[in-house]
Amino acid sequence: MGFKKKARKAREARGEKTERKSRRKELSDGEKKCAIKDCENWADKSHGGRSIAFDNLADVWDEDDIVGEARRLSICKPCYRHYKKEKKDDESQTW
Ligand SMILES: [Zn+2]
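Below is a summary of the structure that appears in this document.

1. Things to note about the overall build of the protein chain
Part 1: Helix and strand counts for the protein chain stand at three helices and two strands.
Part 2: Listing every helix and strand of the protein chain by position from the N terminus yields α-β-α-β-α.
Part 3: For the protein chain, the proportion of its 95 residues judged to be buried stands at 25%.
Part 4: Pairs at least 24 residues apart make up 47% of the contacts formed inside the protein chain by residues separated by at least 6 positions.

2. Re the coordination of the zinc ion
For a metal with four tetrahedral donors the ideal donor-metal-donor angle is 109.5 degrees, while six octahedral donors give ideal angles of 90 or 180 degrees.
Part 1: Note on the zinc ion: its protein donors are C34 (SG), C39 (SG), C76 (SG) and C79 (SG). The metal-donor distances range over 2.2 to 2.3 Å.
Part 2: With four donor atoms in place around the zinc ion and angles of 104 to 116° between them, the coordination shape is tetrahedral.
Part 3: Site description for the zinc ion: donor spacing in sequence, C-x4-C-x36-C-x2-C. Within this pair, whereas C34 is found in the loop between α1 (3-13) and β1 (50-53), its partner C76 is found in the loop between β2 (72-75) and α3 (77-92), the two being separated by 42 residues in sequence.
Part 4: Note on C76: relative accessible area 1%, which makes it buried.

3. Thoughts on the side chain of S74
Part 1: By the element assignment, S74 lies in strand β2.
Part 2: In this structure S74 comes out as buried when scored by relative accessible area, which is 13%.
Part 3: In this structure S74 touches K32, K33, C34, A35, A43, R50 and S51, once residues within four positions along its chain are discounted.

Cut-off values and rules
Residues numbered from 1 in each chain as written. Predicted model: local features only at pLDDT ≥ 70, side-chain atom pairs only at ≥ 80, totals over all residues. Heavy atoms only, no water. Helix = DSSP H or I, 4+ residues; strand = E, 2+ residues; numbered from the N terminus. Buried < 20%, exposed > 50% of the residue type's maximum accessible area, 1.4 Å probe, protein only. Contact = heavy atoms within 4.5 Å. Donors = N, O, S within 2.8 Å, 3.2 Å for Na, K, Ca; no water. Tetrahedral: all angles 85-135°; square planar, octahedral: opposite > 155°, others 65-115°.

And the structure:
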């Protein structure tokens, strides 16, 4: 009874961005790490990563959550999907 709710609360307390962590698939190691702070995926092209302009990333993530100061940063595939989704929502929300 209610333990699901409790679990959700705990997750929110941790900052809520704990999407289900899929088992770490160990492809061959990449070279570039995802620019998103909490993310430990590789952002290499061979791993499906994309390079995105910092400004665009800052629209979706807090600047504090973005690691690196280059104009363009590489993010991993799951982050890119998240990014795309967020961006889309943004556009459909015309003011
Ligand atoms: Zn990532």
